[in-house]
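Now for the letters of each chain:
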Amino acid sequence: MTVSLRSAPSRGRSLLRGIGPRSFAEAQWTAYLYLLPALLLFLAFVIYPMMQGAWISFLDWNGFSPPTWVGLDNYVEILRDGNLRAGFVRSVILILFYSLLPIALGLLITAILSSRPIRGASWFRGILFLPQVLPIVVVGIVWRWMYAPDGPINAGLTSIGLGGLATGWLGDFTLALPAVGMVGTWVSFGFVMVLLLTGAQAIPSDLYDAARVDGAGRVQEFFAITLPGLHNQLVVALIVTIITALRAFGLIYTMTSGGPGYETTVPAWNVYTTTFRYHQVGLGAALGITLAVLIFVIVFALGRLVERERR
Amino acid sequence: MVGAAAIMVGTLIAPSAVVAADASAGPVTDPAACGTDPITLVTVDVEGGNPGPTAAIDQLYAEFMAMYPNVTIERVKTAYNDLVAKQPLDLSGPNPPDLTQIVGDNKAFAEYGNQGLILKLDDYAARYGWTERSGAAQLFNSSFDENGQIGTGSLYGVPQVQEVVGLFYNKEKLAQLGLELPTTWEDFLASLDAAKTAGEIPMMLGNVEGWPAGHVYAMAYNRFVPTAVINGWTYHTDPSASFDSAGFRDASALLQQWGTGGYLTPDFNSVSYDDAWKRFTEGEGLYLPAGSWLTGGIQEAMGDKGGFFLAPPSQQNPALQVEGGPGQAWAISAGSEHPDCAAALIDFMTSERGGEILIENNVPPGFTMSNVPELGAGAYADLIAALQDVNREYQVSAYEGTATPTIGEVIRAGNAAVLAGRMTPEDFVKSVQAEYEKG
């Protein structure tokens, strides 16, 4: 795949070289013309609102009264307010549940299933992918019921004699964030699994045959063939699930409303409450911009890391 | 009384139905208000989830539309927190509702008025006599001057109901425990111990939303802190009033004792408000500390087995005082094309007939009526009696969570943490005062 990507531009360039500089410029111009409709939509619905958000983040504004310019005050407030800062720390904890745990589990299962054909693979994938298809609001409401003091999880624990562990999961100061995080794991896992299984099927099976001939064990097989073979899928899984974790809102909204106390208050929830409940639109925008920049930095850093490894 | 009411409805409906085009006929309060052309009034309220109030509003609208046949009322029901989020957009947008309940903190209400998003109601109040009917205390929160100072200046809203926070109780359970209804705070605390010893849940609380514990806390701090201090702090009229003081702290310590000592519903931070009060009506718990807005639901479910009383005074603070105040005020948006008709609807909602409809639905009217119907036993009759006491001899403490836009959230989060033993009462009152000083 990488080979074909690399060769494509060089072939294109050689074609253009034959046509000459004048028509080259013309061709470029036409190309941009074709891009124009998409570009306009992108400018109108992505870039413009983002710029507007950035502008609002420098204002003290309740959404309807005349705003006042406050410069960087809103950003200073984010740094100063312990609860807002703590939200970003909770996001990092959620990454553990939304991203790392599903990938670890996914790799484990892939390691077990790889190197031999999977019977009923598509059926299996469909089932695993189900949580991804469900609207997050449905997922949140169902899990809130699962976690309720008289819900199925506690009933299950009691029925196997572990009634002492039964508790109000989402109202418990220690357990609420991990409980929400586990739902994130449940949702992400299917996506990660489908990605990794598909990737594993693309690894030529003769590599495994060769390894076996050389006397490699399952663990060696995993590290020498499966893991490097899944490199691209892992990068995609990491980036997508980390973004999902940092933007987590739906589950918080439907399951805990940021509580108990502030235990599940994450940045996206703060953006919502600050903007819409407290009518501090400027501070809310500043939080949103901070979150967006943070996501961009993490994704960019991941991309760089991957590039370097590839070389 | 029910018979008399029916006769009255009959006389109201009949003439206007016969002469539909001529709305001036019959005992319509203000025939000119809605004209004769077909018009639609859009109203927004947050009562959809409260069985009594929501039924009362539907009935009021039906009777108003019968009186003014050219008027169609389009009712929009919104959840409280959703309306907090969209009210600024609602009112400043191109299609504001004609009539809306105002939600959120006092500052937001004053901003709507001073930014010209809702109308001054002084002229309507003078024409219809709203001030006499509702009384200064009911209208206090809905009046403000151009600096946003509450309790003075012009009138911008009219509340329909009056609220107090008190204690619902299970009469059978109280008798089983051999207890009398407590008349002092100390007796009340002793009754909690008695219930706990007998294996009953002393107080039902569902606090997954965070705010329900606020009313339990308010019940407690009203036994420690005088109303003048609470209101001076909430309305920013007394610079010396501080939340970081002994009374608020001691009340928070009591809350912590209740939360960590098994005085409340198990796993209260995981139980929803609605589940808690419904479980109370099904026989769980001795008391339910909550607001009068639940009376309709509790009366319906428990009949004369349920009761209501106000938390009694303590030795420390012997004043008769209670948390409460007006319900959500109705305001007319500045963008309404039919402000006179909207005002006529407010007038009807707070009229003698409007009061009867509220009472039929177990909702306490927030205005005087010349005839209050006979009531049977149960929580609703107790509530009406309690409100008469409140209006005669109690001081009413404001909802402290309306002091600033963000203070409510800090109190909600703090109470949950205090109840769970995760925050000391000292830290709690300090955090609230610090947030207050941010404005």
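Up top is the structure.
Values in this document were obtained by computation on a predicted structure and should not be read as measured data.

Asks: Even after reading the chapter, I still don't get the nonpolar core, so can you show me in this structure?
Replies: One recurring pattern in soluble globular proteins: nonpolar side chains tend to sit buried together. Residues and elements named next belong to chain B. One finds Phe 64, Val 71, Trp 130, Phe 168, Leu 288, Leu 294 and Ile 298 to be the most contacted residues of the largest nonpolar core, which totals 65 residues. With eight residues, helix α15 (residues 339-349) is the single largest residue contributor to this core. Contacts of Leu 288, omitting those with residues within four sequence positions, involve Gly 166, Leu 167, Phe 168, Met 204, Trp 277, Phe 280, Leu 294 and Ile 298.

Asks: Explanation requested: the interface of chain A and chain B in the structure shown.
Replies: A common way to report how large an interface is uses the accessible area buried once the components associate. Contacts between the two partners involve 24 residues from chain A, matched on the other side by 25 residues from chain B. Summed over both sides, the interface of chain A with chain B buries roughly 2,100 Å², with 56% coming from carbon and sulfur. It is Phe 64, Phe 173 and Tyr 278 of chain A that lose the most area in chain A upon contact with chain B, and together they represent 31% of the buried surface on that side. Counting every contact that joins chain A to chain B gives ten residue pairs in polar contact (both at pLDDT 80 or more). The dominant element in the side of chain A that touches chain B, judged by the number of residues it contributes, is helix α13 (residues 267-277) of chain A, at three residues. Here the residues of the side of chain A that touches chain B sort into eleven nonpolar, nine polar and four charged.

Asks: Looking at this structure, I do not really get the pairing of strand β10 (residues 321-326) of chain B. What am I missing?
Replies: As a general feature of sheets, a regular strand has side chains that alternate between the two faces. All names here are of chain B. The buried count for β10 comes to six of six residues, which makes it a mostly enclosed element. Alignment of strand β7 (residues 162-170) against β10, held across three bridges, turns out to be antiparallel. Of the residues in β10, the one forming a bridge with Glu 163 is Gly 325. Pairing between β10 and strand β12 (residues 395-397): three bridges, direction parallel. Each bridged residue has a counterpart across the sheet, and for Gln 321 the counterpart in β12 is Gln 395.

Asks: Sorry if this is basic, but what is going on with unusual backbone geometry here?
Replies: Here Gly 259 of chain A and Pro 260 of chain A are connected by a cis peptide whose omega angle stands at -5°. Here Pro 260 of chain A is to be found in the loop between α12 (250-255) and α13. Of note in this structure, His 279 of chain A is not a glycine but carries a positive phi near 55°. Of note, His 279 of chain A is situated in the loop between α13 and α14 (281-310). You will see that Asn 362 of chain B, though not glycine, has its phi angle at about 60°, which is positive. The class of Asn 362 of chain B is buried, set by a relative accessible area of 16%.

What counts as what
- Residues numbered from 1 in each chain as written.
- Chains lettered and ligands numbered in written order.
- Predicted model: local features only at pLDDT ≥ 70, side-chain atom pairs only at ≥ 80, totals over all residues.
- Heavy atoms only, no water.
- Core = buried A, V, L, I, M, F, W, Y, C linked by side-chain atoms within 4.5 Å.
- Buried < 20%, exposed > 50% of the residue type's maximum accessible area, 1.4 Å probe, protein only.
- Helix = DSSP H or I, 4+ residues; strand = E, 2+ residues; numbered from the N terminus.
- Contact = heavy atoms within 4.5 Å.
- Buried area = accessible area lost by both parts, 1.4 Å probe.
- Polar contact = N/O pair within 3.5 Å; in protein donor to acceptor, adjacent residues only side chain to side chain.
- Nonpolar A, V, L, I, M, F, W, Y, C, P; charged D, E, K, R; others polar.
- Pairing = 2+ DSSP bridges.

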